[in-house]
Amino acid sequence: MEKFFALFDAKRIHLVGTSLGGYIAQCYAQYRPKQVASMVLCNTFCDTKYFADKSASPFIYRYTPGLLLKKMLLASFPTHEVAACIADSIDFVVKNFEPLTQEEVASRMILNSTLGPLNAADLPMSRDKISLIDANDDVIINETLRENLQNAYKGAHLGIIKIGGN
């Protein structure tokens, strides 16, 4: 990421991350706190233990056929009727998900379900520089993970989206 930021001569950055991207943004801020001016985290988590506990062995994803990996992920989407804006969001994700290779999907699943190095409580960043965005509707990030994030960043700004969090 440093090379990317160097292209723009960026000394301090504002990170925005959703879901796994939010977790990665927090890890980056933990290791490069002087470079991060602020963070906006949307429907994300601060600990991968929940996903690691649900995965027999994350590295099996490396050898799982791409079609099966995609089916596993798409199975987590709502199957009941949803608001039009949610349906549009799901369509957008599916459209952008389809061209991914097996290796690209597997790497994301491995990262998501491997115990990570983040210790959010020790993140050396003022909580007033962190904004959390949460949704009140069906989201992939469960209530416990969302509460853990809010507890880890007490004092952070909190925004609630009434619908459309996926």
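In this report, the structure presented in the accompanying data block is examined. (Residues numbered from 1 in each chain as written. Predicted model: local features only at pLDDT ≥ 70, side-chain atom pairs only at ≥ 80, totals over all residues. Heavy atoms only, no water.)

## Some details on the packing of helix α4 (residues 66–74) against helix α6 (residues 102–112)
The packing of two helices is summarised by the inter-axis angle and the distance between the axes.
Stage number 1. Two elements in contact, α4 and α6, have axes whose closest approach is 9 Å; the angle formed by their N-to-C orientations is 45°. Between α4 and α6, the angle falls in the class oblique. Seen from above, α4 lies across α6 with left-handed handedness. The segment α4 lies against α6, with Gly66, Leu69, Lys70, Met72 and Leu73 engaging Gln102, Val105, Ala106 and Met109.
Stage number 2. For the contact of α4 with α6, a count of residues per class yields six nonpolar, two polar and one charged. (Axes fitted to C-alpha atoms, helices over the stretch in contact; angles between N-to-C directions. Helix = DSSP H or I, 4+ residues; strand = E, 2+ residues; numbered from the N terminus. Parallel < 35°, antiparallel > 145°, perpendicular 65-115°, else oblique. Left-handed = near helix turned anticlockwise from the far one by under 90°. Contact = heavy atoms within 4.5 Å. Nonpolar A, V, L, I, M, F, W, Y, C, P; charged D, E, K, R; others polar.)

## What to know about the pattern of salt bridges
Stage number 1. In the structure shown here, the tally under the stated rule is four salt bridges.
Stage number 2. With its nearest N and O atoms 2.9 Å apart, the salt bridge here joins arginine 146 to aspartate 134. Residue arginine 146 is located in helix α7 (residues 143–152), and its partner aspartate 134 is located in strand β3 (residues 130–135); the two are separated by twelve residues in the primary sequence.
Stage number 3. Since its relative accessible area comes to 11%, arginine 146 is described here as buried.
Stage number 4. One salt bridge in this structure joins arginine 146 and glutamate 143, with 3.5 Å as the shortest N-O distance. Here glutamate 143 and arginine 146 lie together in helix α7, a separation of three residues that amounts to about one turn. (Salt bridge = Lys/Arg side-chain N within 4 Å of Asp/Glu carboxyl O. Buried < 20%, exposed > 50% of the residue type's maximum accessible area, 1.4 Å probe, protein only.)

## So, the packing of aromatic side chains
Stage number 1. Under the definition given, this model contains six aromatic pairs.
Stage number 2. Seen from their ring centres, phenylalanine 4 and phenylalanine 5 are 5.8 Å apart, and the 65° between their planes marks the pair as edge-to-face. (Phe/Tyr/Trp six-rings, centres within 6.5 Å; stacked < 30°, edge-to-face > 60°.)

## So, the nonpolar core
As a rule of thumb, nonpolar side chains are buried together in soluble globular proteins.
Stage number 1. Leu15, Val36, Met39, Leu41, Ile130 and Tyr153 are the most contacted members of the largest nonpolar core, which has 27 residues in total.
Stage number 2. Secondary structure elements with two or more residues in this core: β1 (13–18), α2 (20–31), β2 (36–42), β3 and α7.
Stage number 3. Of all the elements, α2 adds the most residues to this core, at six residues.
Stage number 4. Of all hydrophobic cores here, the second largest spans seven residues; its members include Tyr61, Phe97, Met109 and Ile110. (Core = buried A, V, L, I, M, F, W, Y, C linked by side-chain atoms within 4.5 Å.)

## A word on unusual backbone geometry
Excluding glycine, a negative phi dihedral is what most residues carry, and trans is how most peptide bonds are arranged.
Stage number 1. A positive phi angle, close to 55°, is found at aspartate 9, a residue other than glycine.
Stage number 2. With respect to the element layout, aspartate 9 can be found in the loop between α1 (2–7) and β1.
Stage number 3. Its relative accessible area of 52% is what places aspartate 9 among the exposed residues.

## Some points on the environment of leucine 68
Stage number 1. As for its position among the elements, leucine 68 is in helix α4.
Stage number 2. Judged by relative accessible area, leucine 68 falls into the partly exposed class, the value being 43%.
Stage number 3. In the structure, leucine 68 is positioned 48 residues away from glycine 116 in sequence and 25 Å away in space, judged by C-alpha atoms.

## Points about α7
Stage number 1. Listed in full, the buried residues belonging to α7 are Leu145, Arg146, Leu149 and Ala152. With its buried residues spanning 130° around the axis, α7 presents them on a single face.
Stage number 2. Its buried side turned inward, α7 meets α2, β2, α3 (49–54) and β3.
Stage number 3. With a side-chain oxygen positioned 3.0 Å from the backbone nitrogen of threonine 144, the residue opening α7 is asparagine 142. (Arc of directions from axis to C-beta. Polar contact = N/O pair within 3.5 Å; in protein donor to acceptor, adjacent residues only side chain to side chain.)

## Description of the state of the cysteines
Stage number 1. All told, the structure shown has zero disulfides when counted by the stated rule.
Stage number 2. Not engaged in a disulfide, the cysteine cysteine 46 finds its nearest cysteine sulfur in cysteine 27; these two sulfurs lie 10 Å apart.
Stage number 3. On the basis of relative accessible area, cysteine 46 is assigned to the buried category, the value being 10%. (Disulfide = S-S within 2.5 Å.)

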